[in-house]
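# Overview (structure and organization)
Spelled out, the chains give:
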Amino acid sequence: MAKFDIIAATGCPTGIAHTFMAKEALEKAAAERGLTIKVETHGQVGVENELTKSEITGAKAVVVAADKDVQAERFAGKPMVSVGVSKALSVEAAGKLIDRALAAKGDNTVAAAADVEDEAEEKESIGHVIYKHLMNGVSHMLVFVVAGGVLTAVSFLWGITSFDSTASDYNSFAAMLKIIGGIAMNLMVPVLSAYIAESIGKRPALVPGFVAGMIAIQGLPVNAETGMIDAGGAGVGFGFLGGIVGGFLAGYVILLLEKVFAGLPKNLDGLKAIFLYPLFSTAIVGLVMLGISGPMAAINTAMMDFLKGLSASGAVVLGLAIGCMCAFDMGGPVNKAAYVTGTAMLTEALAAGVGTDTYNFGTNFMAAVSAACIVPPLITTFAVVVGKKYFSQEDHDAGIVNLILGCTHITEGAIPFMTKNIWPVMPIMMLGSSIASILTILFNVHDPAPHGGFLVLPVVENGPLWVLAILIGAVVGGILFVAFKKYDFEKNQKAAPVAKPVEASKAAAVEAPKAEAADFVKVENVFVAEDFASRDEALSFVSNQAVKAGIASDADAVMNAFLAREAEGTTGMMEGFAIPHAKSDAITEAAVIVVKDESGVTGWDTMDGAPVNVAIALLIPGAQAGTTHLKILSKVAEALMDEDFRATVKGSADAAEIAKTINARLV
């Protein structure tokens, strides 16, 4: 059975994009550090690449990047870092998490490298714990909402009253679709509540969680004639807010009962699971939920009234709020808050029936939310097509894929573009989404389906105008995005040295110079008999040699790039090796400079605490940060896992032999 240095588990509420983006970032970050890793994903289709007990036992450290329950209790006793999935979406961020996880081993040298803020985050914050439980419920709920909402919307293709046997457009198949869709939609709140509870109290919490969710949608039944509590009466439901409250209540009641019954004999564990927990938890949670039904119903009504009041302030105010929320973190908690609110209002709209004010407002609100979620990926598609020369090939390919993601209501594809330049890309995305939302409201578009993007266009009222609103938002945002990239590109062009126009143009090109050429590491760039007092002295030496060799134009800029990378997480590896790397516009061609110090460079944080004897420094032009950089880095990291490679490079005093050995691994 294979062993891994690092094991990880990733999971986002929808299980569509963030989950796998975090997986890829962690794998690349591990490769940079010469570490092996296995990442278990908790996506919408279930658990993939599942970790075994022996793999968990053999791992040095664990990284959990999830906003849902990934059964982290399996990793008890292992050095572990647990954060939200959004904190592992870039290679740099993922690398920092790996460093923190390794630091948790108690190695004083490595631990000293972790900054105070990261150490404070080592223990999950209360906010993240609550959010993770909430998103576990949302994750399980969304599939019910999507299935139920789309089936209900499809039933309208036969007519808006085709489910009604007394209506002229009645169709029995349409009626059956609406029944099935309605059942799925009605399960939304109970499932939300149950799986919030399950995230907290595990399986025993499912029963009180489901009961709490059912009470949330039914309310406290009261006899209309007597005004007294009556099982045969009718109540006022309090929606998904009640489901959230009920889920947390059920989960923590189970934790309380576990403490209460902890003194019972071990042989009664079966009785606790099958009888005591479900009986007492259901009774306690049920009574509390019925008791708070009045205040919760009032809060729910007030929230809906607030949103309707917001719409009374005008389409611009409501659309701006929806657009900014959906594009702020594109699939994160703020986006999910807007989306879940939209689905809750859509549920009420479908229950109220076609033609009612509730239906009109809820479906219009849902259409605005969907438009706002569709726009960001389409902005990137427009930008990489119109302004192709300003983007790397990697970005161009991602932008084309985003056409499919955007059209199917998957916002997360735009995240990599935003993380590279949060300002001004985030405001651009928010503006584009807001324009689409505002126009959707003004065009009186109604979307009875909660997901699917353009796939549900046949059931959208005023569908062509909806598409127009989305396209206007995407084009406006795309033009602004291209303008920014053009400005950034021209600024970098001006910063490039005038004396070397050929080399500068090569550095700015999307395609990297032949990094895999046999002579990539030149003999004159290998220094075998140096003596450095510190890490910074070694990096300064490399920076100055880069300028002398014509690889870079500004030694200070290169040095700052090296230090910025070290600040994100040490590049010190194990057994005397380090892989410092600098990405800067001051670097005119991709290159590798090797320095050796037989006595060892102290003060350079490494994974085993040993001093650095060999530093293989990577220098990458800014325009090639996502191509040449990762390609060379991964190959060097793989090479460092080879004992023969390490022995040859570390033991040789011949610059030509060292260059030849490294070049052989870059092919």
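Look up a bit, the structure's there.
The shown structure was predicted, so the numbers you read here are calculated from the model rather than taken from an experiment.

## A closer look at the overall build of the chain
Helix and strand content of the chain: 25 helices and 10 strands. Total accessible area on the chain is roughly 27700 Å²; 64% of this is exposed by carbon and sulfur atoms.

## Quick look at the sheet that holds strand E3 (residues 46-48)
Judged by pairing direction, the sheet is mixed, and its 5 strands sit side by side in the order E3-E2-E1-E4-E5 without closing on themselves. In the strand order of this sheet, the two ends are held by E3 and strand E5 (80-83), each with one partner. Neighbour to neighbour, the strand axes of the sheet diverge by 10 degrees on average, direction disregarded. Both strand E1 (residues 6-11) and strand E4 (residues 61-66) contribute to a ladder of 6 bridges, which runs parallel. When the sheet's bridge partners are listed, alanine 8 is paired in E4 with valine 63. Most of the contacts of helix H3 (residues 91-103) go to E4, to which it runs at about 135 degrees, and overall it touches E1, E4 and E5.

## Points about the pattern of salt bridges
Per the counting criterion, the structure on display carries 16 salt bridges. For arginine 33, the salt bridge identified is with aspartate 99, shortest N-O distance 2.9 Å. Pair noted here: arginine 33 is in the loop between helix H1 (18-32) and strand E2 (37-43) and aspartate 99 is in helix H3, with a separation of 66 residues, a long-range link. Of the charged contacts, one joins glutamate 92 and lysine 583 as a salt bridge, the two residues approaching to 3.0 Å between their closest N and O atoms. Placement of the pair is glutamate 92 in helix H3 and lysine 583 in strand E8 (residues 581-584), with a sequence separation of 491 residues. For glutamate 92, a relative accessible area of 31% translates into the label partly exposed. Ionic contacts of the salt-bridge type, sharing partners, join the residues Glu32, Arg33, Asp99 and Arg565 into one network.

## So, helix H9 (residues 206-218)
Over its 13 residues, H9 extends 18 Å from the first C-alpha to the last, a length consistent with the 18 Å expected when each residue adds 1.5 Å. For H9, the complete set of buried residues consists of Leu206, Pro208, Gly209, Ala212, Gly213, Ile215 and Ala216. Glycine 219 sits one or two residues past H9 and shows a positive phi near 75 degrees.

## Here's the deal with helix H7 (residues 172-186)
With 15 residues, H7 extends 21 Å between its outermost C-alpha atoms, agreeing within 8% with the 21 Å of an ideal straight helix rising 1.5 Å per residue. Of the positions making up H7, those classed as buried are Ala174, Ala175, Leu177, Gly181, Ala184 and Met185. Where H7 starts, the residue carrying a side-chain oxygen 2.9 Å from the main-chain nitrogen of phenylalanine 173 turns out to be asparagine 171.

## Quick word on the side chain of threonine 381
As for its position among the elements, threonine 381 is in helix H15 (residues 357-386). Polar contacts involving the side chain of threonine 381 include one to the main-chain carbonyl oxygen of glycine 399, which spans 2.6 Å.

## A few points about the packing of helix H21 (residues 535-548) against helix H22 (residues 555-568)
Contact geometry of H21 with H22 gives a least axis separation of 8 Å together with a crossing angle of 140 degrees. Here H21 is positioned oblique relative to H22, judged by the angle of their axes. Note that H21 runs across H22; the crossing there is right-handed. Across from Arg535, Asp536, Leu539, Ser540, Val542, Ser543, Asn544 and Val547 in H21, the residues of H22 making contact are Ala555, Val558, Met559, Phe562, Leu563 and Glu566. Classifying every residue of the contact of H21 with H22 by side-chain character gives 8 nonpolar, 3 polar and 3 charged.

## Focus: the packing of aromatic side chains
Following the criterion strictly, the structure yields 12 aromatic pairs and no others. Consider the rings of phenylalanine 261 and tyrosine 277, whose centres lie 6.0 Å apart with planes at 40 degrees: the pair is tilted. With phenylalanine 261 in the loop between helix H10 (239-260) and helix H11 (269-291) and tyrosine 277 in helix H11, this pair connects stretches of sequence that are 16 residues apart. The same class applies to phenylalanine 261 as to tyrosine 277, namely buried.

## Re the pairing of E4
The buried count for E4 comes to 6 of 6 residues, which makes it a mostly enclosed element. Burial along E4 is two-sided: the residues Ala61, Val63 and Ala65 and Val62, Val64 and Ala66 are all buried. Here E4 runs beside E5; their pairing, made up of 4 bridges, is parallel. Following the sheet pairing, valine 63 is matched in E5 by valine 81.

## Re the side chain of lysine 38
In this structure, lysine 38 sits in strand E2. Among the residues examined, lysine 38 registers a relative accessible area of 12% and is labelled buried. Residue contacts for lysine 38: discarding those within four places in its chain leaves Phe4, Ile6, Ile7, Ala8, Asn49, Glu50, Leu51 and Glu55.

## A closer look at unusual backbone geometry
The residue after tryptophan 423, namely proline 424, is reached through a cis peptide bond having omega 10 degrees. Summarising the element assignment, proline 424 is placed in helix H18 (residues 422-442). In this structure, glutamine 71 is a non-glycine residue whose phi angle is positive, near 55 degrees. Inspection of the secondary structure puts glutamine 71 in the loop between E4 and E5. You can call glutamine 71 partly exposed: its relative accessible area is 30%. Even without being glycine, asparagine 462 reaches a positive phi, approximately 65 degrees. Mapped onto the elements, asparagine 462 comes out in the loop between H18 and helix H19 (463-495).

## Regarding the nonpolar core
Ranked by internal contacts, the top residues of the largest apolar core, which has 85 residues, are Ile98, Phe481, Val521, Val594, Ile616 and Ile662. In contact with isoleucine 616, not counting residues within four places along its chain, are Phe577, Ala578, Ile579, Pro580, Val592, Ile593, Val594, Val636, Phe645 and Ile662. Formed by 57 residues, the second largest nonpolar core is a distinct cluster that contains Met135, Ile215, Ile254 and Ala297.

## A short note on the environment of methionine 80
Relative to the helices and strands, methionine 80 is located in strand E5. Put simply, methionine 80 and isoleucine 6 are 74 residues apart on the chain and 9.8 Å apart in space, counted from C-alpha to C-alpha.

What counts as what
- Residues numbered from 1 in each chain as written.
- Predicted model: local features only at pLDDT ≥ 70, side-chain atom pairs only at ≥ 80, totals over all residues.
- Heavy atoms only, no water.
- Helix = DSSP H or I, 4+ residues; strand = E, 2+ residues; numbered from the N terminus.
- Areas by Shrake-Rupley, 256 points an atom, 1.4 Å probe, with all protein chains shown as cover.
- Pairing = 2+ DSSP bridges.
- Axes fitted to C-alpha atoms, helices over the stretch in contact; angles between N-to-C directions.
- Contact = heavy atoms within 4.5 Å.
- Salt bridge = Lys/Arg side-chain N within 4 Å of Asp/Glu carboxyl O.
- Buried < 20%, exposed > 50% of the residue type's maximum accessible area, 1.4 Å probe, protein only.
- Expected span 1.5 Å × (residues − 1).
- Polar contact = N/O pair within 3.5 Å; in protein donor to acceptor, adjacent residues only side chain to side chain.
- Parallel < 35°, antiparallel > 145°, perpendicular 65-115°, else oblique.
- Left-handed = near helix turned anticlockwise from the far one by under 90°.
- Nonpolar A, V, L, I, M, F, W, Y, C, P; charged D, E, K, R; others polar.
- Phe/Tyr/Trp six-rings, centres within 6.5 Å; stacked < 30°, edge-to-face > 60°.
- Core = buried A, V, L, I, M, F, W, Y, C linked by side-chain atoms within 4.5 Å.

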